[in-house]
Amino acid sequence: MSAQLQENIAKAEGYLARFKENTLGHFINGEWTLGSGETFDNTTPLDQSYLGKVAAASVEDVNAACEAAAAAAAGWAATPGAERRKILHRLGDELEKRAEEIAMVESMDCGQALRFMRQAAVRGAANFRFFADQAPEARNGLSLHQAEHTNFTVRSPLGPVAVITPWNTPFMLSTWKIAPALASGCTVVHKPAELSPLTASILAECADAAGLPKGVWNMVNGFGAVAGKALTEHPAIKAVALVGDSATGKMIQAQTAQTLKRLHLELGGKNPVIVFDDADFERALDATVFMIYSLNGQRCTSSSRLLIQSGIKDKFLAALKERVANIKVGHPLDPETEVGPLVHTGHYDKVTSYFEIAKQDGATIAVGGKSLRDEMGPGNYVTPTLFVDAKNDMRIAQEEIFGPVLTAIEFDTEEEAIKLANETVYGLAGYIWTSNTGRAMRMAHAVEAGMLWVNSENNRNLPSPFGGVKMSGIGRDGGDWSFDFYMETKNVCIAHDTHKVPVLGR
Ligand code: NAD
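- By the naming in an unreviewed UniProt entry, the protein chain is 5-carboxymethyl-2-hydroxymuconate semialdehyde dehydrogenase, taken from Amphritea opalescens.
- Per UniProt, the protein chain carries the Sequence similarities (unreviewed entry) text "Belongs to the aldehyde dehydrogenase family."

Below you can see the structure in the form of structure tokens.
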């Protein structure tokens with residue numbers, strides 16, 4: 001074990017001690033509470049050891065959080081945008097101060113390699129700062145002229161909203177959702193994923209330290225079927241922003257039907273990376289490897305299907321095999337580690353089940369396809385895996401595996417590439433590699449996805465829209481799209497007193 005890893009483990013133990021010693025509660029109306037007293041154990045995917053007890057919210061606990069958010073809604077909506085901006089920048093400062101703690105706790109809680117989590121707090125802070133800067137103008141609308149009337153639009157915050165987040169990059173995704181909600185003037189009840197609850201509590205502490213008024217930010221821990229369901233059904237909640245599985249999105253659509261809530265669903269994907277013969281070989285190779293094996297492949301925008309053109313297939317797959325076999329699997333706090341343990345035993349079982357499914361389907365396991373538990377102990381370690389000789393109708397090409405597992409499929413023509421790319425229920429992201437600009441443009445229009453990157457890996461740009469089509473979701477985050485979701489638009493129409501008013505019954 002390197003000296004650096006030893007040092008990181010010692011530091012992480014220090015940060016985790018309070019979670020091990022005290023039950024992690026809910027943050028409701030500016031107070032930490034254990035609520036109804038039900039708890040569950042949190043463990044680390046590193047070796048399944050204990051990370052502490054977490055309160056599991058009951059319906060009553062969730063109701064209390066929703067009522068706190070409702071009570072605080074008018075005050076926060078009336079707080080001038082410039083003041084909200086100041087508070088959210090202070091929140092960014094708080095996150096940056098605790099960057100190392102956030103990175104290490106996140107790595108230990110969900111198994112993500114520290115090399116990727118190091119930026120989590122900085123990115124989270126950037127999310128708050130970006131949306132904070134737009135808070136003063138968020139209510140502004142449009143002026144729409146007619147010959148005898150002038151229309152103008154104004155926006156107002158929706159009120160209390162629910163933010164429900166998954167376990168894959170829980171900290172970053174939570175900030176990405178909560179920052180625009182608060183900047184819009186909405187109050188929030190956040191329910192983090194039960195499999196990775198720790199950094200959400202640090203977020204709530206930072207919000208408190210930044211001076212957010214009581215009840216503006218509430219956080220309840222617990223399970224989707226109880227706490228998540230109660231939150232989505234509560235009549236005070238005006239909108240639900242979910243990042244999660246497509247099946248969960250469907251459930252939430254049904255759960256919110258009776259109270260007719262606005263929904264933003266960011267769901268699963270089976271994203272194609274399409275590499276043409278004329279692609280920049282090395283850059284396409286780097287990006288293909290990065291987009292499926294970074295973040296343990298537990299990434300909604302991961303390029304989990306490689307569509308490779310026949311002319312370079314052999315050369316590309318040979319280079320790819322070498323890279324994949326070389327990826328360093330290890331302790332998430334080891335600075336050398338590229339792939340850490342999968343988040344949970346249940347998810348490990350799901351990912352490893354595809355090793356057998358691939359064989360049954362008739363694909364070839366070119367690299368990996370193994371659990372590493374024999375070599376690395378009880379953690380959820382698997383080998384980075386590459387399936388070749390695959391067909392697009394195989395389960396390994398259609399189902400979201402959500403691990404460090406890539407399925408490669410050969411194609412000949414541009415038309416075939418489009419057909420394969422679109423033959424999936426999902427439509428989150430796609431990646432196109434070609435040096436032919438016309439083809440890049442044609443592909444960008446033809447591939448059914450909310451986001452397409454041409455000759456690039458997933459590049460973050462906060463003003464750009466982020467979201468999917470088909471089973472990958474409804475709605476967009478980013479820039480003004482986020483404000484539009486968390487705000488209601490009202491049209492005001494003013495007559496110039498020149499038009500003829502229709503007359504009845506005179
Ligand atoms: P999940 O759907 O199981 O859980 C997400 C959240 O929903 C959790 O907090 C969970 O407790 C809650 N939940 C579950 N059932 C609920 C219910 N009936 N009512 C209310 N809340 C409920 O997802 P996960 O396994 O934590 O995360 C992985 C999934 O998230 C993958 O499918 C991945 O693609 C997706 N994801 C999508 C994006 C995106 O931007 N499109 C980003 C990251 C992850």
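### Digging into the packing of aromatic side chains
What characterises a pair of aromatic rings is the spacing of the ring centres plus the angle enclosed by the ring planes.
Thought 1: Under the definition given, this model contains 13 aromatic pairs.
Thought 2: Ring geometry for Phe128 against Trp217: centres 6.2 Å apart, planes inclined by 25 degrees, an arrangement best described as stacked. A residue pair is termed long-range when its members are at least 10 positions apart, and Phe128 in helix 6 (residues 120–132) and Trp217 in strand 9 (residues 217–219) qualify at 89 residues. Each member of the pair, Phe128 as well as Trp217, is classed as buried.

### Things to note about the packing of helix 1 (residues 3–21) against helix 8 (residues 198–209)
Helix-helix packing is characterised by the crossing angle of the two axes and by the distance between the axes.
Thought 1: For the pair helix 1 and helix 8, the least separation of the axes is 12 Å and the interaxial angle reads 100 degrees. Taken as axis vectors, helix 1 and helix 8 run roughly perpendicular relative to one another. Side by side, helix 1 and helix 8 meet where Leu16, Arg18 and Phe19 of the first sit next to Leu198, Ser201, Ile202 and Glu205 of the second.
Thought 2: When grouped by side-chain class, the residues that make up the contact of helix 1 with helix 8 number 4 nonpolar, 1 polar and 2 charged.

### A word on the pattern of salt bridges
Thought 1: For the structure on display, the rule yields 32 salt bridges.
Thought 2: In this structure, the salt-bridge partner of Arg323 is Glu282, at a minimum N-O distance of 3.9 Å. Taken together, the residues span a long stretch of sequence, with Arg323 in helix 12 (residues 310–326) and Glu282 in helix 11 (residues 281–293) at a distance of 41 residues.
Thought 3: Taking the relative accessible area as the measure of exposure, Arg323 reaches 28% and is therefore partly exposed.
Thought 4: A salt bridge links Arg323 to Asp286, with the nearest nitrogen and oxygen atoms 2.6 Å apart. With a gap of 37 residues between them, Arg323 in helix 12 and Asp286 in helix 11 connect regions that are remote in the sequence.
Thought 5: Each member of the salt-bridge network shares a partner with another, and the members are Arg18, Arg98, Glu101 and Glu205.

Scoring rules and cut-offs
- Along every chain, residues carry numbers that run from 1 in the direction the sequence is written.
- The predicted origin of the model limits local features to residues at a pLDDT of at least 70 and limits the giving and counting of side-chain atom pairs to 80 or more, whereas totals for whole chains, interfaces and linings rest on all residues.
- Values reported for side chains reflect all heavy atoms of the structure, with hydrogen atoms and water molecules removed beforehand.
- UniProt positions are given in the numbering used here, feature names are shortened, and annotations may be inferred rather than shown by experiment.
- For Phe, Tyr and Trp, where Trp contributes only its six-membered ring, two rings pair if their centres lie within 6.5 Å, and the inter-plane angle classes them as stacked under 30 degrees, edge-to-face over 60, or tilted in between.
- Under the scheme used here, helices are H or I runs from DSSP no shorter than 4 residues and strands are E runs no shorter than 2 residues, and both carry numbers assigned from the N terminus.
- Here's how the labels work: a residue is buried when its accessible area is under 20% of the maximum for its type, exposed when over 50%, partly exposed in between, all with a 1.4 Å probe on protein chains only.
- To define axes, lines are fitted to C-alpha atoms, for helices over the stretch in contact only, and angles between the resulting N-to-C directions are given on a 0 to 180 degree scale.
- By the definition adopted for this analysis, an angle is roughly parallel if under 35 degrees, roughly antiparallel if over 145, roughly perpendicular if from 65 to 115, and oblique otherwise.
- Whether two residues are in contact is decided by their heavy atoms: any pair within 4.5 Å suffices.
- Residues are grouped as follows: Ala, Val, Leu, Ile, Met, Phe, Trp, Tyr, Cys and Pro are nonpolar; Asp, Glu, Lys and Arg are charged; all remaining types, including Gly, are polar.
- Any Lys or Arg side-chain nitrogen found within 4 Å of a carboxyl oxygen on Asp or Glu counts as a salt bridge.

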